[in-house]
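Chain by chain, the residues run as shown.
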Amino acid sequence: MMTPIRGGYDEPEDPQYGLFGGAYLTWSAAQKFGLKSYDFTITDATGRHEVEVPLLKSIFGADVFKIARENGWDIEPQGRRLKTEQVVCDLFKNTHAFVLQVGDRSATREFWTEIYGNDRVVQLPRTEVLPEVMAAIIALTEGTVDMQSLESFLREVGRQYKVVTADDIQLLKRELGKIPLGAQA
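This report concerns the structure included in the present document. Sequence order as written defines residue numbering, which begins from 1 separately in each chain. For a predicted model such as this one, the threshold for reporting local features is a pLDDT of at least 70, and the threshold for listing and counting side-chain atom pairs is 80 or more; totals across whole chains, interfaces and linings nevertheless cover every residue. Hydrogens are left out, water is left out, and the side-chain values use all remaining heavy atoms of the structure.

Bringing the pairing of strand β5 (residues 121–124) into the picture now. Categorising residues by exposure relies on relative accessible area from a 1.4 Å probe, with only protein chains included: less than 20% of the type maximum marks a residue as buried, more than 50% marks it as exposed, and the intermediate range marks it as partly exposed. Think of it this way: any DSSP run of H or I at least four residues long counts as a helix, any run of E at least two long counts as a strand, and we number them from the N terminus. Residues V121 and Q123 point to one face of β5 and V122 and L124 to the other, with burial holding for every one of them. Should DSSP find at least two bridges between two strands, the strands are regarded as paired. Bridge analysis of strand β4 (residues 95–102) against β5 gives four bridges, and the strand direction is parallel. Along β5, the bridge assignment pairs V102 with L124. Look down the strands so they point away from you; if the path from the first strand over the helix to the second goes clockwise, the crossover is right-handed. For the crossover from β4 across helix α5 (residues 106–116) to β5, the handedness is right-handed.

Moving on, we come to the packing of helix α4 (residues 84–94) against α5. With their axes 9 Å apart at the nearest point, α4 and α5 run at an angle of 60° to one another. Judged by the inter-axis angle, α4 sits oblique to α5. Side by side, α4 and α5 meet where T84, E85, V88, L91 and F92 of the first sit next to E114, I115 and Y116 of the second. Note on residue categories: nonpolar means Ala, Val, Leu, Ile, Met, Phe, Trp, Tyr, Cys or Pro, charged means Asp, Glu, Lys or Arg, and polar means any other residue, Gly included. Partitioned by chemical class, the residues of the contact of α4 with α5 number five nonpolar, one polar and two charged. Working convention: axes come from line fits to C-alpha atoms, limited for helices to the stretch in contact. Angles between N-to-C directions cover 0 to 180 degrees. For classification, angles of less than 35 degrees are called roughly parallel, those exceeding 145 degrees roughly antiparallel, those between 65 and 115 degrees roughly perpendicular, and all remaining angles oblique. Note on contacts: a residue pair is in contact if any heavy atoms of the two residues lie within 4.5 Å.

This part takes up the packing of helix α1 (residues 16–24) against α4. Relative orientation of the contacting elements α1 and α4 amounts to 35°, with a least axis distance of 8 Å. Crossing of α1 against α4: the hand is left-handed. Listed contacts from α4 to Q16, L19, F20, G22, A23 and Y24 of α1 are T84, Q86, V87, V88, D90 and L91. Looking at the contact of α1 with α4 residue by residue, the class counts come to seven nonpolar, four polar and one charged. Working rule for handedness: look at the near helix, and if it is turned counterclockwise from the far one by less than a right angle, call the crossing left-handed; if clockwise, right-handed.

Strand order across the open sheet formed by three strands is β1-β4-β5, with parallel pairing between neighbours. On the outer flanks of this sheet lie β1 (37–43) and β5, each paired with one strand and no other. Pairwise comparison of adjacent strand axes, ignoring direction, gives a mean angle of 25° for this sheet.

With respect to the secondary-structure elements, D90 resides in helix α4. Residues contacting D90, with those up to four places away along its chain left out, are A23, Y24 and W73.

Our focus in this paragraph is the pattern of salt bridges. Pairing of side chains with opposite charge becomes possible as their charged atoms draw close. Salt bridge, as applied in this entry: a Lys or Arg side-chain nitrogen positioned within 4 Å of an Asp or Glu carboxyl oxygen. Inspection of every chain in the model, using the stated rule, returns 11 salt bridges. Between D14 and R48 there is a salt bridge, with the nearest N and O atoms lying 2.4 Å from each other. Of the two residues, D14 sits in the segment before α1 while R48 sits in the loop between β1 and β2 (50–52), which places them 34 residues apart along the sequence. Its relative accessible area of 37% is what places D14 among the partly exposed residues. Where D168 meets R126, a salt bridge forms, and the shortest distance between an N and an O atom there is 2.8 Å. Placement of the pair is D168 in helix α8 (residues 166–176) and R126 in the loop between β5 and α6 (130–142), with a sequence separation of 42 residues. Among the residues examined, D168 registers a relative accessible area of 4% and is labelled buried. You can call R126 partly exposed: its relative accessible area is 26%. Within this structure, E50, R81 and K83 form a network of salt bridges that share partners.

Further remarks concern the packing of aromatic side chains. Aromatic pairs are defined between Phe, Tyr and Trp rings, using the six-membered ring for Trp, whenever the two ring centres lie within 6.5 Å; interplanar angles under 30 degrees are classed as stacked, those over 60 as edge-to-face, and all others as tilted. Under the defined criterion, the tally for this structure stands at nine aromatic pairs. The structure contains a cluster of three or more aromatic residues connected by ring pairs, namely F20, Y24, F60, F65 and W73. In this structure, R120 packs its charged tip against the face of F92, placed 5.1 Å from the ring centre. Charge over a ring is defined by NZ of Lys or CZ of Arg lying within 6 Å of the ring centre and within 35 degrees of the ring normal. The ring of F98 has R120 lying over it, and the distance from NZ or CZ to the ring centre is 5.2 Å.

Okay, structure coming up:
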């Protein structure tokens with residue numbers, strides 16, 4: 001029921017505000033154990049290279065930087081903008097962060113690869129396979145699935161709804177083979 005089923009046709013999009021929230025306003029108990037949580041940004045479009053502070057305060061409230069400090073981040077900006085690249089760099093410190101790109105637009109992939117790196121941008125054939133891909137990323141990152149068992153894993157997790165096709169599996173094996181395998185094993 002949470003799968004987005006329509007295109008927004010509003011490029012570029014503004015996920016940098018969600019990235020900010022994931023990096024600075026979110027705390028996970030996993031951190032107490034030296035583990036990272038997961039952050040998935042799902043998009044079919046490019047984003048922006050800057051986070052505008054006035055809009056950030058409008059979204060999260062005037063005390064957004066105070067809350068970030070309570071989470072251990074001293075990021076009070078000197079100007080009106082923060083760099084999205086720095087937000088993502090900080091996001092990587094506490095999370096296994098990925099961009100799940102719906103579709104195969106090269107401009108979108110280039111934009112996100114520049115910010116995240118090639119090993120953190122995963123192309124999806126369509127939104128209906130999001131749950132299976134997210135489960136596979138977590139399983140591969142935690143080492144409970146490897147590349148040899150990925151195909152059977154995708155078939156098994158997608159069995160109930162039968163949304164993962166043979167073509168999807170081939171694309172996903174290629175895409176998921178480049179993520180940081182076993183990074184949290």
